[in-house]
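Observations on chain architecture
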There are 2 protein chains.
Amino acid sequence: MSVGEFDLIEKYFAPLASKGPPAFGLQDDAAVLHPPSGQDLVFTKDALVATVHFLESDSPEQVAKKALRVNLSDLASMGAEPVGYLLALALPAHFDAEHRESWVRNFARGLEEDQKEFSISLFGGDTVSTPGPLTVSLTAIGAVEKGRALHRFGAKADDHIFVSGSLGDAALGLAILQGTLQEENAAVRSFLSDRYHLPRPRLKLGRALIGLASAAIDISDGLMADLAHLCEASGVGAQVFDFNLPVSGAAGKVLERLPAYKNRIWSGGDDYELLFTVPAKHVGAVNRLSEEGGLALTEIGQINEDRHIRLLDQNWHAVAGAGEKTGFRHF
Amino acid sequence: MSVGEFDLIEKYFAPLASKGPPAFGLQDDAAVLHPPSGQDLVFTKDALVATVHFLESDSPEQVAKKALRVNLSDLASMGAEPVGYLLALALPAHFDAEHRESWVRNFARGLEEDQKEFSISLFGGDTVSTPGPLTVSLTAIGAVEKGRALHRFGAKADDHIFVSGSLGDAALGLAILQGTLQEENAAVRSFLSDRYHLPRPRLKLGRALIGLASAAIDISDGLMADLAHLCEASGVGAQVFDFNLPVSGAAGKVLERLPAYKNRIWSGGDDYELLFTVPAKHVGAVNRLSEEGGLALTEIGQINEDRHIRLLDQNWHAVAGAGEKTGFRHF
């Protein structure tokens, strides 16, 4: 028996949506949201293509959570709280009916788990067939106190540059999953590949940074590439120090053995950590956030006026190959 | 010289976005919208895949306008006014740099023309590469007076069923473009293929129907399929009469010669007309809308309580092959 689009929606996606507003059980042409009063709404949209943004071996649950979380990470960088999302799913025409249904069932289960984790629901979307690879496009909607959203612009000379968590884990995890990097230690392998599969959108941090950070961005293309985006939007430059960059224990173990992978720390994509700038007067408050919040916030350098973005070593020499264009290239 | 994602965005998409809020020149992780006061926000998302939802021979301008307009048609069916949109564009990896840039330039030109037509702007999005066919996913955002949105549910027994414009034109146009239907008359060919390429979202009508229509839906999957959706959401049935269905002069000419295509009128997709139900007391007002608005609104049947959806001929016999499942099947 062939399960068509409407049956898949009814069976697997409708339970992820509200019966009343905004989603009306996905039985309508569109969702209707009464905006929370005193709040601005925040919108972001990212698309993920199999073989380009995730591995064909990734499970449907992993794809679901990654698609959702990379968008929530954008909301985090704006200081917004997630509200809901719309989803377009293009399923390969070569999936037979059974595979299609089991894929969608597991994909929906991944969404369901993350909906609980992040207190959001599905507002609507579209399910289509494609002769190409599986493609997920997701639009996330968030809310932030009126006029208080964080932006990429706003960084000023002498602001301190911070980054959350640790860098390069996901890029190393991807290399392990692709088999280009061999790692014997199962715990290291598992930590790093999990960091690739399951971004942790820093939503709580983003909200806490409102009033403290002068600019913020989430690191999706790699530290130096996203630092360049922040600096360009702010009309400033930056210097960061390679010895300050936060490296996880697992990544540290890999780099000790394979120092050639060190550039993944500043150029590897998929970190989904927050990179943000803080005026001197708020540095103490940010350090307290770090101590109380259970999430490392590491100062990695300073904003300057000269429009250059430099990664420096301990001798203040530029690190080779760490120019502005070292991040993930979409083409 | 290779033009990368960021350059394409800067060069072709940023000019479609506001420099300040909500889009901040696409220089931010997300858009920030201050919701219009006293309004609900309406969200809809449709994806279009080359070879599935549009022809590979369609021009980038046509694809842009179709992607935008099918979403605006959903807003129309809710009675909403468009505000803005987010766009995810997956470009085939096999496009060389020159083709990619010229495709995006023309695509953006199509968007620009329609932004003027519909007074909207680009809020944000994502441009990625795909090993598969060109894919466009678009999220449209609209606004409607608080609590007044039209829905698919709400139709009641004895309500009159109306449809805007004419039916089946786009399906016949598609058959002509695909070469399965031969049509010598250039004016007929051009009218019908234009109806396929360029949906007219019935936004003005949708807004005018607030307070008059008991339920509404836009016809994308074909009259009978979308009537079934409306009836299912409303918990009712319907009977419509084939001799009442509005047929354009061009479609009439084709059907005279090739009566086998007649089922396209009630089962062909891509009409993007509004199908709506009206309680007896508002039928006069709807007829006046039709006279004054320059858009034909045709009464085609009635809602009933028995949960069956029937297309009847002049002898009240069911039209063969016009069951509920005759519309566009997504799988």
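Heads up: the structure comes first, above all this text.
Attention in this report is confined to the structure presented alongside it. Within any chain, residue numbers begin from 1 and follow the written order of that chain's sequence. Whichever chain is written first is A, and whichever ligand is written first is 1; the rest continue in order. Local features are withheld for residues below a pLDDT of 70 in this predicted model, meaning they are given only at 70 or higher, and side-chain atom pairs are given and counted only at 80 or more; totals for whole chains, interfaces and linings count all residues. The side-chain quantities take in all heavy atoms of the structure and omit both hydrogens and water.

A word on the environment of Asn263 of chain A
All names here are of chain A. Put simply, the test is: Only DSSP runs of H or I reaching four residues or more are called helices, and only runs of E reaching two or more are called strands; each is numbered from the N terminus. Type-normalised accessible area, obtained with a 1.4 Å probe on protein chains alone, sets the label of each residue: buried when under 20%, exposed when over 50%, and partly exposed for intermediate values.
Here Asn263 lies in the loop between helix H8 (249-257) and helix H9 (264-267). Taking relative accessible area as the criterion, Asn263 reaches 31% and is therefore assigned partly exposed. Placed 173 residues apart in sequence, Asn263 and Ala90 show a C-alpha to C-alpha distance of 35 Å.

So, the relation of the copies chain B and chain A
To keep things clear, this is the line we draw: When the copies are overlaid, the least-squares fit takes in C-alpha atoms only where the residue has pLDDT of at least 70 in both copies. Contact definition: two residues touch when any of their heavy atoms are within 4.5 Å.
For the pair chain B and chain A, the relating rotation is 180 degrees, the translation along its axis is 0.0 Å, and the fit reaches an RMSD of 0.0 Å. On this basis, the relationship between the two copies can be described by a two-fold rotation axis. Scanning chain B for the C-alpha nearest the rotation axis identifies Gly132 of chain B, at a separation of 2.0 Å. A share of 100% of the interface residues of chain B reappears at the interface of chain A, consistent with the copies meeting face to face through the same patch.

Description of the nonpolar core
Stated precisely, the cut-off is as follows: To qualify as a nonpolar core, a set must consist of buried Ala, Val, Leu, Ile, Met, Phe, Trp, Tyr and Cys residues joined through side-chain atoms within 4.5 Å.
Within the largest apolar cluster, 62 residues are counted, with the highest numbers of intra-cluster contacts made by Phe13, Phe107 and Phe276 of chain B. If one sorts the elements of this core by residue count, helix H2 (residues 60-77) of chain B sits on top with eight residues. In this structure, Leu87, Leu89, Leu122 and Leu203 of chain A belong to the second largest nonpolar core, which totals 59 residues.

Considerations on the packing of aromatic side chains
Condition: Put simply, two rings from Phe, Tyr or Trp (the six-membered ring, in Trp's case) pair if the centres are within 6.5 Å, and we call them stacked under 30 degrees between planes, edge-to-face over 60, tilted for the rest. Here, over-ring charges are defined by two tests on the NZ atom of lysine or the CZ atom of arginine: distance to the ring centre within 6 Å, and angle to the ring normal within 35 degrees.
Taken as a whole, this structure holds 15 aromatic pairs over all chains when the rule is applied. Between the aromatic rings of Phe43 of chain A and Phe43 of chain B, the centroid separation amounts to 5.7 Å while the plane-to-plane angle is 55 degrees, which identifies the pairing as tilted. Placement of Phe43 of chain A in strand S2 (residues 39-49) and of Phe43 of chain B in strand S2 (residues 39-49) is noted, with the two residues assigned to different chains. You'll find Phe43 of chain A and Phe43 of chain B in the same group, each marked buried. Over the face of the ring belonging to Tyr196 of chain A we find Lys66 of chain A, whose NZ or CZ atom lies 3.6 Å from the ring centre.

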